[in-house]
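Topology and contacts: notes
What follows is the residue order along each chain.
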Amino acid sequence: MSSRRPRHILVAGSGIAGLYTALELRRTRAAEVTLITKGDLRQSNTWFAQGGIAAVFPQEDRVADSPASHGADTLAAGAGHCDAAAVRVLCEEAGEHVERLLQLGTCFDRAADGGLALGREAAHSAERILHVNGDATGAGIADPLIAAVLTDPGITVLEHTFLADLVTRDGTVTGAVVIRSGGSTELAADAVVLATGGAGQLFEQNTNPSVATADGLVVAWRAGAVVKDLEFFQFHPTALDVPGHPLISEAVRGDGAVLRDQSGHRFMTDYHLAAELAPRDVVSRSITLHLKKRGEQCVYLDATALGGGFLAGRFPTLDGLTRAHGFDWAREPLPVVPAAHYWMGGIHTDLWGRTSVPGLYAVGEAACTGVHGANRLASNSLLEGLVFGARSAAAIVADHGPWPEFGSTALRIAAGGREPAERHRIQQLMSEHAAVIRDSAGLEVAAKQLTQWRAGGDTVEERETANVLLASHLLVQAAAARDESRGAHYRADFPGADAAVVALHSYRMAQ
Ligand SMILES: Cc1cc2nc3c(=O)[nH]c(=O)nc-3n(C[C@H](O)[C@H](O)[C@H](O)COP(=O)(O)OP(=O)(O)OC[C@H]3O[C@@H](n4cnc5c(N)ncnc54)[C@H](O)[C@@H]3O)c2cc1C
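If you're wondering where the values come from, they're calculated on a predicted model, not measured in any experiment.

Scanning the chain from N- to C-terminus turns up 16 helices and 21 strands. Dimensions of the chain along its principal axes, counting C-alpha atoms only, are 65 × 60 × 45 Å. Across the 511 residues that make up the chain, the buried fraction comes to 59%. Considering only intrachain contacts with a sequence separation of at least 6, the fraction spanning at least 24 residues in the chain is 73%. Total accessible area computed for the chain in this model is approximately 19200 Å², and 51% of it derives from carbon and sulfur atoms. The averaged location of the 58 negative side-chain charges in the chain is 3 Å from the averaged location of its 44 positive side-chain charges.

Here is the structure:
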């Protein structure tokens with residue numbers, strides 16, 4: 001592999017990870033890039049990100065904070081399951097990429113003194129969260145990246161182009177099969193980067209846009225790539241209980257909003273000393289338990305004490321969004337539910353984005369470097385896309401020596417069943433048995449039902465459903481294999497963490 005000098009790189013995905021990787025590849029002028037995305041360029045989890053991006057970087061007159069402290073917070077949130085080297089890389093290299101975003105035109109919010117405004121979020125021990133227009137950080141970062149990609153003559157952008165499969169020769173990835181204008185075409189490449197994002201669509205209630213159907217994970221899996229930590233799926237505690245489940249940022253609770261049940265009782269104080277500001281997994285779990293106990297469908301986020309003026313000024317996007325759904329959150333509590341939000345697991349990569357399959361790289365939410373462990377620290381995933389996107393670009397151009405070895409444990413996917421799979425039924429099943437609270441009986445029910453379904457077909461929608469089905473199989477098996485509770489993976493039949501099974505779980509397709 002050491003003589004490999006890729007010239008033409010295919011990047012799949014137009015979120016922060018794909019856009020930034022493409023731009024970093026072009027910085028060297030040693031690569032030409034084709035960037036494909038299945039919707040239009042703005043359709044991504046990235047574009048919907050609200051709260052911000054975490055980064056410690058040198059800035060004059062700022063309070064003491066350090067990459068080491070950011071790393072310690074990341075490790076603590078990860079519940080003993082983070083890859084410490086990945087965390088170090090993430091936190092130490094954050095600053096240079098924030099500088100680059102500024103150069104590319106991201107207008108982070110400023111403090112009164114003109115310096116960058118730094119916010120604080122739950123489980124961060126310092127003020128280190130940058131944001132754009134209060135709660136529109138994803139769009140504020142993505143739009144300048146999109147503009148830069150569109151004006152780079154070495155980047156060919158293909159929207160509405162669906163990555164259907166990878167092409168391999170002698171075990172090395174040499175391109176991809178894409179669906180475009182209803183037909184399938186093969187695109188040759190010296191390397192392929194999967195920046196295809198997450199998989200919220202595995203669950204009925206989720207905060208992700210419709211494009212998040214685990215496509216990258218599934219094509220990588222089919223090509224023999226090792227996947228990792230699939231049992232860890234983060235559920236955000238407060239999604240508005242309306243179709244599409246838009247997220248109500250944690251920052252609203254950070255600023256003083258509280259959670260109530262239907263009777264008006266502020267129940268989080270019954271579950272955790274930190275109440276609404278307990279870690280994300282704890283709040284999601286407490287809400288789920290409380291709803292089960294009371295037989296209710298949603299809880300209520302009460303932000304009325306914050307006042308209409310404050311809410312509109314601090315959260316302009318959310319203010320518009322809640323009003324568009326007919327709520328006046330200055331006067332009435334909002335109905336909210338936990339919703340699938342971010343997949344910590346993904347395609348196993350090293351610290352340079354390399355997967356276990358030569359020629360195949362993965363970055364961003366599709367990848368699993370181990371940086372988030374069992375529970376992602378808020379505002380670390382936009383950062384992940386930058387840091388590991390830049391690293392994978394550097395590795396592709398420089399060719400970092402022999403391809404790494406990845407350890408793995410076999411997972412088996414039973415051959416397809418007879419019943420045609422419907423996406424909403426898979427989502428319902430996953431929400432019932434493999435979501436916030438799991439146990440072996442429920443996971444068994446889910447596994448059995450999943451094997452009875454068959455998905456296939458040539459349209460993009462049919463392929464997405466097949467990907468959702470296969471990814472659900474993998475997640476359920478991974479969750480059944482981890483007999484402990486850790487971070488976002490909570491097993492009601494194993495409520496305590498078991499140190500003996502902290503070892504990294506990674507999986508390869510059984511031969
Ligand atoms: C509502 C919401 C709020 C969030 N808030 C924050 C926050 O404040 N801070 C933070 O750090 N993180 C936040 N996150 C998480 C963060 O936004 C994501 O983890 C991150 O943006 C992922 O970036 P990505 O580039 O890896 O993937 P994405 O941004 O999801 O992009 C994936 C891209 O791949 C494309 N794609 C997928 N499948 C295919 C295919 N088969 N063929 C072609 N293209 C394909 C998609 O269309 C999309 O363009 C939030 C997420 C959501 C949903």
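Moving on, we come to unusual backbone geometry. Even without being a glycine, Arg 29 presents a positive backbone phi close to 60°. Inspection of the secondary structure puts Arg 29 in the loop between α1 (16-27) and β2 (32-36). Residue Arg 29 is classed as exposed on the basis of its relative accessible area of 59%. Even without glycine at this site, His 245 takes up a positive phi of about 40°. Secondary-structure assignment places His 245 in the loop between β11 (233-240) and α8 (250-254). Judged by its relative accessible area of 11%, His 245 falls in the buried class.

Assigned domains within the chain: domain 1 (8-198 + 344-398), domain 2 (240-338) and domain 3 (410-509). Inter-centroid distance (C-alpha atoms) of domain 2 to domain 3 is 29 Å. Between domain 2 and domain 3, the contact holds six residues from the first and five residues from the second. Both sides of the domain 2 and domain 3 interface together cover about 450 Å² of buried area, and 75% of this is carbon and sulfur. Of all residues in domain 2, the largest losses of buried area upon contact with domain 3 belong to Asp 281, Arg 285 and Thr 288, amounting jointly to 74% of the total for that side. Counting across the domain 2 and domain 3 interface gives zero salt bridges. Linking domain 2 with domain 3 are one residue pair in polar contact (both at pLDDT 80 or more). Ranked by residue count, the leading element in the side of domain 2 that touches domain 3 is helix α10 (residues 280-294), at five residues. Split into classes, the residues belonging to the side of domain 2 that touches domain 3 amount to two nonpolar, two polar and two charged.

This brings us to the site of the ligand. Every one of the 36 residues lining the ligand counts as a neighbour, but Thr 46, Gly 52, Leu 163, Glu 365 and Ser 381 are closest to it. At 3.3 Å, a backbone N or O of Gln 50 approaches a nitrogen atom of the ligand. Mapped onto the shell around the ligand, the elements with two or more residues apiece are α1, α2 (45-48), β6 (161-169), β14 (334-343) and α13 (381-398). For the shell around the ligand, the residue count by class is 11 nonpolar, 21 polar and four charged.

Attention now moves to the side chain of Thr 213. Among the structural elements, Thr 213 can be located in the loop between β9 (191-194) and α7 (215-222). A distance of 2.8 Å separates the side chain of Thr 213 from the side chain of Lys 38, its partner in a polar contact. Leaving out residues up to four positions away in the same chain, Thr 213 has contacts with Lys 38, Gly 198, Ala 199, Gln 201, Arg 423, Glu 464, Asn 467 and Val 468.

Per the stated rule, a full pass over the model turns up nine aromatic pairs. Seen in terms of ring centroids, Trp 47 and Phe 48 are 6.0 Å apart; in terms of plane orientation they differ by 85°. Their pairing is edge-to-face. In this structure Trp 47 comes out as partly exposed when scored by relative accessible area, which is 26%. Counting every residue linked through ring pairs, the aromatic cluster contains Phe 203, Phe 233, Phe 235 and Trp 343. Residue placement shows Arg 391 over the ring face of Trp 352; its charged tip is 4.1 Å from the ring centre.

How each quantity is defined
- Residue indices begin from 1 for each chain and proceed along its sequence in written order.
- pLDDT decides what is reported in this predicted model: residues at 70 or higher carry local features, side-chain atom pairs at 80 or more are listed and counted, and totals for whole chains, interfaces and linings draw on all residues regardless.
- The basis for the side-chain values is all heavy atoms of the structure; hydrogens and waters are excluded.
- In this description a helix means any DSSP run of H or I spanning at least four residues, a strand means any run of E spanning at least two, and both kinds are numbered starting from the N terminus.
- Any residue under 20% of the maximum accessible area for its type is buried, any over 50% is exposed, and the rest in between are partly exposed; the area is computed with a 1.4 Å probe on protein chains only.
- We call two residues contacting when some pair of their heavy atoms lies within 4.5 Å.
- Accessible surface is estimated by sampling points in the Shrake-Rupley manner with a 1.4 Å probe; for residues, cover comes only from the protein chains shown.
- Under the convention used here, Asp and Glu are negative, Lys and Arg are positive, and both His and the chain ends fall outside the count.
- Working definition for charges: the position is that of NZ of Lys, CZ of Arg, CG of Asp or CD of Glu.
- Annotation comment: domain bounds sourced from an automatic or database domain assignment.
- Note: buried area is the sum, over both parts, of the accessible area (probe 1.4 Å) each one loses when the two are combined.
- When a carboxyl oxygen of Asp or Glu lies within 4 Å of a side-chain nitrogen of Lys or Arg, that pair is called a salt bridge.
- Any pair of nitrogen or oxygen atoms within 3.5 Å is treated as a polar contact; in protein, a donor-acceptor pairing is required on top of that, and neighbouring residues in sequence qualify only through side-chain atoms on both sides.
- Each residue is assigned to one of three groups, with Ala, Val, Leu, Ile, Met, Phe, Trp, Tyr, Cys and Pro labelled nonpolar, Asp, Glu, Lys and Arg labelled charged, and all others, Gly among them, labelled polar.
- By convention in these notes, a residue is near a molecule or strand provided one of its non-hydrogen atoms lies within 4 Å of it.
- Here the aromatic set is Phe, Tyr and Trp, taking the six-membered ring for Trp, and pairing holds for ring centres within 6.5 Å; pairs whose planes are under 30 degrees apart are stacked, those over 60 apart are edge-to-face, and all others are tilted.
- As a reminder, the over-ring test applies to NZ of lysine and CZ of arginine, requiring each to be within 6 Å of the ring centre and within 35 degrees of the ring normal.

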